[in-house]
Structures are given as structure tokens and as C-alpha cells.
Amino acid sequence: MNAITVVLPVMGVTAAIAVLTQKCRFSMDWIERMYYLENKLTPMSKLISLDDYAESVKEWASDKGILLPQNSKKQMLKVMEEVGEVAGALSKKLPTQEVQSEIGDCFVTLIILSHQLGLEPSECLRSAYDKIKNRKGRVENGVFIKENDQK
Ligand SMILES: [Mg+2]
């Protein structure tokens with residue numbers, strides 16, 4: 001057995017894996033693109049992380065001069081206004097993109113409120129997740145009811 005008889009099959013297998021991987025990646029990209037086009041959403045591959053967006057929102061709010069603790073009560077009104085707009089979009093059965101935008105507005109107002117109160121949005125989310133992650137209960141008529149709240 002010489003080096004050629006070992007190296008050539010390994011190269012062949014490596015090349016085949018590379019081609020198959022590329023084909024799978026291509027088809028996943030295509031499926032993802034079609035899904036997001038069909039639902040008029042931004043493809044996942046174009047999304048940046050929630051933390052990155054939160055940082056951009058913080059910078060925007062800082063530039064506008066609204067990240068002051070004394071603005072937090074008025075900011076809370078903005079939060080409620082945006083939550084109401086989500087409800088409005090759903091009740092009017094507006095297109096998915098508009099619902100998406102209204103939910104995004106809620107994130108923006110909550111991120112700003114968090115910073116006005118000296119809190120990190122990701123920490124707020126982490127503590128909320130820590131509360132629910134082991135929560136037990138049941139879904140009744142489409143609503144999750146905590147074990148302790150059940151009659
Ligand atoms: Mg809005």
C-alpha cells in the first residue's frame with residue numbers, strides 16, 4: 001500500500017462531504033428564504049442578536065436624551081401605548097409585518113424603560129425566564145394557568 005492509495009480515497013470522501021454539505025446548506029438557505037418571503041418576515045440569517053438590538057436601542061435613546069430616571073413614568077405610558085397597539089393590530093387582523101412591528105415597538109419601549117431604571121434588559125428577561133422555566137400548570141382555553149392559581 002502506498003501513499004496514493006490512502007490519500008486519494010480520503011480526498012474523494014472529503015470532497016464528497018464538502019459537496020453534500022454545501023448542497024444541504026444551499027437547500028436550507030432556500031427553504032428559509034421561501035418561508036420568510038412567504039410570511040413577509042426578515043430572514044434569520046439577516047437578524048442580529050436581541051442583545052445587539054438592545055444596545056442599538058440604548059444608544060438611540062441616549063442620543064435623544066431620554067435615558068434619565070425621571071422619565072421612567074412617562075416611558076411606562078409609552079410601554080402601555082405600544083402594548084395597546086399590538087392588541088389593535090391583532091383585533092384588526094392586520095398583516096403579520098404590522099403585528100411584528102408593533103411587538104418590536106414594545107421591546108423598544110421596555111428596553112428604554114429598563115435603562116431609565118438602571119436595569120439591564122437581558123437581566124430582566126433572564127430573571128423572568130428563571131421564574132417560569134420550572135413553572136407547572138395547565139393550559140385552559142388557550143391560557144396557561146399556574147398550578148398555584150388553579151381552583
Ligand atoms: Mg407602535
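To start, this report covers the structure provided alongside it. (Residues numbered from 1 in each chain as written. Predicted model: local features only at pLDDT ≥ 70, side-chain atom pairs only at ≥ 80, totals over all residues.)

### Regarding the packing of helix H2 (residues 50–64) against helix H4 (residues 96–116)
Filter applied, for reference: Inter-axis angles, ranging from 0 to 180 degrees, are taken between N-to-C directions of lines fitted to C-alpha atoms, where helices are fitted over the stretch in contact. Each helix is a run of DSSP H or I of at least 4 residues and each strand a run of E of at least 2, with the numbering of both proceeding from the N terminus. Oblique is the label for every angle not falling under 35 degrees (roughly parallel), over 145 degrees (roughly antiparallel), or within 65 to 115 degrees (roughly perpendicular). Note on convention: near helix rotated counterclockwise from far helix by under a right angle means a left-handed crossing. Clockwise means right-handed. In this description, any two residues whose backbone-derived C-beta atoms lie within 7 Å of each other are considered to be in contact. Amino acids are sorted into nonpolar (Ala, Val, Leu, Ile, Met, Phe, Trp, Tyr, Cys and Pro), charged (Asp, Glu, Lys and Arg) and polar (every other residue, Gly among them).
Close contact between H2 and H4 brings their axes to 9 Å; oriented N to C, the two are set at 70°. With respect to H4, the element H2 is oriented roughly perpendicular. The hand of the H2/H4 crossing is right-handed. Facing Ala54, Val57, Lys58 and Ala61 of H2, the residues of H4 in contact are Val108, Ile111, Ile112 and His115. Of the residues that constitute the contact of H2 with H4, the class distribution is six nonpolar, one polar and one charged.

### A few points about helix H5 (residues 121–132)
Inclusion rule: The span you would expect from a helix comes to 1.5 Å times its residue count less one. Each residue is classified by how many other C-beta atoms fall within 10 Å of its C-beta atom, where C-beta atoms are placed from the backbone; a count of 20 or more means buried, 12 or fewer means exposed, and values in between mean partly exposed.
Taking 1.5 Å per residue, twelve residues should reach 16 Å; H5 reaches 17 Å between its end C-alpha atoms and fits that length. Taking burial as the measure, the twelve residues of H5 include one buried ones, a minor fraction of the element.

### With respect to the nonpolar core
Filter applied, for reference: What we call a nonpolar core is a set of buried Ala, Val, Leu, Ile, Met, Phe, Trp, Tyr and Cys residues whose membership is set by joining through C-beta atoms within 7 Å.
Core analysis: the largest hydrophobic core is formed by seven residues, namely Ala54, Val57, Ala61, Leu110, Ile111, Ile112 and Leu113. Those elements giving two or more residues to this core turn out to be H2 and H4. Top contributing element to this core by residue count: H4, with four residues.

### Some remarks on the pairing of strand E1 (residues 137–140)
Here is the rule: A pair of strands is considered paired only if DSSP assigns at least 2 bridges between the two.
By the bridge criterion, four bridges tie E1 to strand E2 (residues 143–146) in an arrangement that is antiparallel. Across the sheet, the residue bridging to Val139 is Phe144, located in E2. Following E1, the chain reverses through two residues before pairing antiparallel with E2; Asn141 in that reversal takes a positive phi of roughly 55°.

### Focus on unusual backbone geometry
A positive phi angle, close to 50°, is found at Lys93, a residue other than glycine. Among the secondary structure elements, Lys93 is positioned in the loop between helix H3 (72–91) and H4. For Lys93, a count of 8 C-beta atoms within 10 Å translates into the label exposed.

### Here we look at the packing of H3 against H4
Packed helices, taken two at a time, are described by the angle their axes make and the gap between the axes. Look at H3 against H4: their axes get within 9 Å of each other, and the N-to-C directions meet at 165°. By the angle between their directions, the pair H3 and H4 is classed as roughly antiparallel. For H3 against H4, the interelement crossing comes out left-handed. Of H4, the residues touching H3 (which contributes Ser72, Gln75, Met76, Lys78, Val79, Glu82, Val83, Glu85, Val86, Ala89 and Leu90) are Glu98, Val99, Glu102, Ile103, Asp105, Cys106, Thr109, Leu110, Ile112, Leu113 and Gln116.

Any functional reading would require information beyond the geometric quantities listed.
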